[in-house]
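Structure assessment
What follows is each chain in one-letter form.
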Amino acid sequence: MLNMAHSFVGFCLFFALLFGHGVVELEASHHVYKNLQTDQSTASANQPYRTGYHFQPPKNWINDPNGPMVYKGLYHLFYQYNPKGAVWGNIVWAHSTSKDLVNWTPHDPAIYPSQPSDINGCWSGSATILPGGKPAILYTGIDPQDKQVQNLAMPKNLSDPYLREWIKSSKNPLMQPTAQNQINASSFRDPTTAWLGPDKKWRLIIGSKIHRQGLAILYKSEDFVHWIQAQSPLHSAKDTGMWECPDFFPVSVRGQNGVDTSVNGPFVKHVLKVSLDDTKHEYYTLGSYDTVKDIYTPDKGSVESDSGLRYDYGKFYASKTFFDTAKHRRILWGWINESSSVHDDVKKGWAGVQAIPRKLWLSKSGKQLVQWPIVEIQKLRSNHLRLPSKLLKGGSEIEVSGVTAAQADVDISFKVTDFEKAEVLKPSWTNPQLLCSQQGASVKGGLGPFGLLVLASEGLKENTAVFFRIFKGQNKYVVLMCSDQSRSSLNEDNDKTTYGAFLDVDPEHQYLSLRSLIDHSIVESFGGGGKACITARVYPTLAINNAAHLYVFNNGSEAVKIAELNAWSMKKAKLNLKD
């Protein structure tokens, strides 16, 4: 009876926090586990691969971005973190805040194992802003039987803009696999941001699978505490395997402004993004959401696999968006994993970086999303270099001097006028990544490869090539965008996979634009104004720090014109690196 009484009182107080109008002072329902504090690392003092303006903690492993949101003028980023080492495990929700999404202040972990429902780990989840501006976090916990269950946490003090303390519901877990609901106990994770339906009930989806069928399991609630599984999933797809980190949100069909997650109607389309556990790639579809039937239907012709539309065709996973109410935009976060060996990760004492936040909107065609680095990072630009228009002959390269090549922002546009030598695109060339692997930067073509050689050593023994090739298709010219890591490092222990994507631009009437954010071991590239994005992790042994160089190159037989090139050195972001 004593435990029940405590549970009832705790629930009443929690309910007051959830829907009350004032701040309820509570004792935290969990205590700090000293053994979760960061151990002293034996990491190497030589750190040529640490980034200057991407988000990463001082050491240890990080993965998925969780529950990003804006609250009382501050941006919050939670992320999966291992406080004990540079490999996955011991997962807690680390927490940092920012005024500008560029410079960050760390706080103590917001959520860590303390209840039976999360004692073996606090995995990914999302934040939802409830009526009255109250944040709530739903996350996956791992219970003593290693079942994946869903839990709720609320801020202890709503007047604290930093949201430094969180209270877990005494009703946890709120959703769990049972024999009745036929949910796989090891494949039931990552609740999304919730949205309100026309019946004023909350809805969310959780990633799962049945055999090889990926599922977005739908739950509904009237009070955000008691959740009921819907009879049918919001959506499913055969032969896709486990759906991790699902994300479901509307985008406006007019302009670039974002909309709140609960918005629906004739002026929005919906996006369903899933992360595929089998391939560690993501894909998304655009479609319509029937709020009466609670069914999402992808647009006709949508490809439901990682050979379809992707946010990023390189090293980018477990992404999460949020609606930035302060600037009326939808922001995308994504995790950039390592391409180095586990041995090297442990040696350097850290693993994982978050991508630069990206603004996301629907293209004018309505057939894909467009992404662009948030405008705030431009405040880090310095030493602006502008090259005038110039003809780039076949088989040539031009060094871009005057910027810090290991930490730079480069934006270049090419103009092609003569398409006579464009190679014919064979009908079997449907896989852009395979095509880029077979026709890398060193393979001479007609129109291309041309683009950038970044993190390049003197003499080009090491370089990462980001480039275009133009092919002659049946009815139009086809643009291939590649990121070739095959010569990125002399260290053969690294994964040097080449990435590629077809770019939906018309090179006869449009410039081919390429922007690359270079940050020591990261190259984030945006083609066609953000219609195709490719992120690479590279670990050069020669082209590090001041020994790195930057070139524009053309390895095709035909000349192309550099319409404009702008490059900047990037200053370091203030990441407040501290233990």
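Cut-offs applied
Residues numbered from 1 in each chain as written. Predicted model: local features only at pLDDT ≥ 70, side-chain atom pairs only at ≥ 80, totals over all residues. Heavy atoms only, no water. UniProt positions renumbered as here; feature names shortened; annotations may be inferred. Patch = residues over 30% accessible without salt bridge, like charges linked within 9 Å, V, L, I, M, F, W, Y side chains within 5 Å. Areas by Shrake-Rupley, 256 points an atom, 1.4 Å probe, with all protein chains shown as cover. Salt bridge = Lys/Arg side-chain N within 4 Å of Asp/Glu carboxyl O. Helix = DSSP H or I, 4+ residues; strand = E, 2+ residues; numbered from the N terminus. Buried < 20%, exposed > 50% of the residue type's maximum accessible area, 1.4 Å probe, protein only. 1 Å grid on protein atoms, 1.4 Å probe; cavity = no way out; pocket = protein on both sides within 12 Å on 5 of 7 lines; lining within 4 Å. Points joined across faces, edges and corners; volume = space filled by probe spheres on them. Nonpolar A, V, L, I, M, F, W, Y, C, P; charged D, E, K, R; others polar. pLDDT = per-residue confidence, 0-100. Contact = heavy atoms within 4.5 Å. Polar contact = N/O pair within 3.5 Å; in protein donor to acceptor, adjacent residues only side chain to side chain.

Taking an unreviewed UniProt entry as the reference, the chain is identified by name as Beta-fructofuranosidase, insoluble isoenzyme CWINV1 belonging to Theobroma cacao. UniProt annotates the chain under Sequence similarities (unreviewed entry) with the comment "Belongs to the glycosyl hydrolase 32 family."

**A closer look at a nonpolar patch on the surface**
Together, V87, V342 and V346 give the surface a local cluster of nonpolar side chains, amounting to about 230 Å² of exposed area. For V87, the location among the structural elements is in the loop between β2 (74-82) and β3 (92-98). V87 sits in the partly exposed class, given a relative accessible area of 36%.

**With respect to the UniProt feature "domain: Glycosyl hydrolase family 32 C-terminal" (unreviewed entry) in the chain**
Feature annotation in UniProt places "domain: Glycosyl hydrolase family 32 C-terminal" (unreviewed entry) on residues 378-569, given in this structure's numbering. Helix makes up 4% of residues 378-569 and strand 48%, and the two end C-alpha atoms of the span are 11 Å apart.

**Considerations on empty space enclosed by the protein**
The full count for this structure, using the stated rule, is 3 cavities of 30 Å³ or more. The computed volume of the largest cavity comes to approximately 70 Å³. Taken together, 13 residues make up the lining of the largest cavity; nearest its centre are Y53, F55, L101, W104 and I356. Class assignment of the residues belonging to the lining of the largest cavity gives a composition of 11 nonpolar, 2 polar and no charged.

**Things to note about the pattern of salt bridges**
For side chains bearing opposite charge, pairing can occur when the charged atoms are close. For the structure shown, the criterion picks out 29 salt bridges. As a salt-bridge pair, K220 and D294 come within 2.9 Å of each other at their nearest N and O atoms. Note that K220 is positioned in strand β12 (residues 213-221) and D294 in the loop between β17 (281-290) and β18 (295-298), a separation of 74 residues in sequence. Exposure remark for K220: the relative accessible area of 26% places this residue in the partly exposed category. A relative accessible area of 4% means that D294 is categorised as buried. It is possible to trace a salt-bridge network through shared partners that takes in R189, E244, D277 and K280.

**A look at unusual backbone geometry**
Note that the residue after N172, namely P173, is joined by a cis bond; omega there is -5 degrees. A cis geometry characterises the amide bond from G448 onward to P449, with omega recorded as 5 degrees. Here P449 lies in strand β30 (residues 447-456).

**Considerations on the confidence of the model for the chain**
Chain-level pLDDT for the chain is 92 on average; 92% of the residues reach the 70-or-more range. Confidence over residues 19-41 falls short of pLDDT 50; this stretch has 49 contacts with residues more than four positions distant or in other chains.

**With respect to the side chain of T535**
Structurally, T535 is set in strand β36 (residues 532-537). Given the relative accessible area of 0%, T535 is considered buried. Here D312 takes part through its side chain, which lies 2.7 Å from a polar atom of the side chain of T535. A distance of 3.1 Å separates a polar atom in the side chain of T535 from a polar atom in the side chain of R358.

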